[in-house]
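# A closer look at the structure
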Amino acid sequence: MAESFRAFVVNKTEDAFEAGVKELSRADLPAGEVLIQVVYSGINYKDGLASAPNGQVVRKYPFVPGIDLAGRVVESSDKKFRENDEVIVTSYNLGVSHYGGFSEYARVPAAWVVPLPRNLTLGEAMTIGTAGFTASLAVHKLEVNGLKPANGPVLITGATGGVGGHAISMLSNLGYTVAASTGKESEHAYLESLGASEILSRDEVSAEGKPLEKERWAASVDAVGGNTLAYLIRSTKYSGSIAAIGNTGGPKFSATVFPFILRGINLLGIDSVSCPMELRLNLWKRLASDLKPKNLAGMVEREISLEDLPEATGQVLSGKVRGRILVKP
Ligand SMILES: NC(=O)c1ccc[n+]([C@@H]2O[C@H](COP(=O)([O-])OP(=O)(O)OC[C@H]3O[C@@H](n4cnc5c(N)ncnc54)[C@H](OP(=O)(O)O)[C@@H]3O)[C@@H](O)[C@H]2O)c1
């Protein structure tokens, strides 16, 4: 490993915010048992926030964002990992309070490291990233709560985003009838290519409505929150479930108790960050087998370098990106 390496660093002082590529040295990296050469990272909504002046994700500046990374072990003081092992790191404090994946090198606790499963490349793992991992956790929780293809259609909201696209692809591979809602009229063909058979507009799924509407969805995977989550609660079928993942449409929602006490619906919270390691390892194995999206390459909008991050993270925050942007440090 060279004396110095490149990383995308954000810094905020009382009167200024800076974001750009800087040279760091090994001593700048946080503590951890495993040093990794990052081969790929990817951009998630949280990385957009971490790279913006008022994103309220970064706990201490200066900081290296990037909540996802995949690469090769350079050295490890933990016996579980050896030089050249291919690994994935997502979740925990990565890219939030511990320097993340927008860097040529990262050092992390061994307890965060997932061996790359067979049948996945490092690039594929980062096309999946936190977005796909979270979608797989949602699918798992919906299955545990009784979802089966025969129960009826499943609606995916924020469908052209990372979580949404993966959820469509996984559920359609598993034999579900999948509907998708989007604010991007130009992307209907993309959503159909992932496996959506019905497409709703963002307006339709965020409108106000009665406390109980027509029972329509056996389940949903919701990346949007806000009024959209309120719509899902009103329109979920008897005993159906909603996997609540995100808040790109806002954190607050208004609902009544009626769908819960008259239809027995389940509102399932999804938190990928603190998912226990045993379940995490199982889900990564599934992501390399029955949950592996068929057209992973088609989900990559583009591949960028560290220098392109300011523009790309801004596009993610404005909801303009389709699928995933891969970062090659
Ligand atoms: N709970 C967890 O563990 C966890 C893990 C990962 C992500 N998340 C959260 O899940 C959400 C989605 O993450 P992601 O990585 O998929 O983000 P993303 O790739 O940026 O996609 C978000 C999608 O949300 C839709 N959207 C954007 N702005 C919107 C608005 N104002 N109103 C309604 N819809 C809007 C857009 O889809 P359309 O244009 O197709 O509507 C956009 O593509 C984020 O809130 C993220 O923080 C949570």
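What comes next concerns the included structure. Model, not experiment: these values are computed from the prediction. (Residues numbered from 1 in each chain as written. Predicted model: local features only at pLDDT ≥ 70, side-chain atom pairs only at ≥ 80, totals over all residues. Heavy atoms only, no water.)

### Remarks on the packing of aromatic side chains
- Evaluated as defined, the whole model comprises five aromatic pairs.
- With a centroid separation of 6.2 Å and an interplanar angle of 65°, the aromatic rings of Phe8 and Phe102 are classed as edge-to-face. With Phe8 in strand β1 (residues 4–12) and Phe102 in the loop between β5 (86–90) and β6 (105–108), the pair connects residues that are 94 residues apart, well separated along the chain.
- Arranged with centres 5.5 Å apart and planes meeting at 5°, the rings of Tyr92 and Trp112 form a pair that is stacked. Separated by 20 residues along the polypeptide, Tyr92 in the loop between β5 and β6 and Trp112 in the loop between β6 and β7 (113–115) bring together distant segments of the chain.
- By relative accessible area, which is 11% here, Trp112 ends up buried.
- A cation over a ring is seen here: Lys328 above Tyr40, with NZ or CZ 4.6 Å from the ring centre. (Phe/Tyr/Trp six-rings, centres within 6.5 Å; stacked < 30°, edge-to-face > 60°. Helix = DSSP H or I, 4+ residues; strand = E, 2+ residues; numbered from the N terminus. Buried < 20%, exposed > 50% of the residue type's maximum accessible area, 1.4 Å probe, protein only. Lys NZ or Arg CZ within 6 Å of the ring centre and 35° of its normal.)

### Digging into the pairing of strand β9 (residues 178–182)
- The element β9 is extensively covered by neighbouring structure, given that five of its five residues are classed as buried.
- Taking every second residue as pointing to the same face, both faces of β9 are buried, with Val178, Ala180 and Thr182 on one and Ala179 and Ser181 on the other.
- Where strand β8 (residues 154–157) and β9 come together, three bridges link them in parallel fashion. The residue bridging Val154 from the neighbouring strand is Val178, located in β9. (Pairing = 2+ DSSP bridges.)

### Some words on the packing of helix α2 (residues 122–144) against helix α7 (residues 277–287)
- Orientation of α2 relative to α7, taken along the N-to-C sense of each, is 110°, at an axis distance of 9 Å. Here α7 runs roughly perpendicular to α2, going by the angle between their axes. Touching Ala125, Ile128, Gly129, Gly132, Phe133, Ser136, Leu137, His140 and Glu143 of α2 are Leu279, Arg280, Leu283, Trp284, Arg286 and Leu287, all from α7. (Axes fitted to C-alpha atoms, helices over the stretch in contact; angles between N-to-C directions. Parallel < 35°, antiparallel > 145°, perpendicular 65-115°, else oblique. Contact = heavy atoms within 4.5 Å.)

### Describing the sheet that holds strand β10 (residues 196–201)
- Across the sheet, which stays open at both edges, the six strands sit in the order β10-β9-β8-β11-β12-β13 with parallel pairing between neighbours. The outermost strands of the open sheet, each flanked by one partner alone, are β10 and β13 (266–269). Taken over all neighbouring pairs, the strand axes of this sheet differ in orientation by 20° on average, direction set aside.
- Packed on one face of the sheet, α2 meets β11 (217–222), β12 (236–244) and β13 and runs near 150° to β11.
- Strands in contact with helix α5 (residues 226–235) are β8, β10, β11, β12 and β13; relative to β12, the strand with the most contacts, it is inclined by about 155°.

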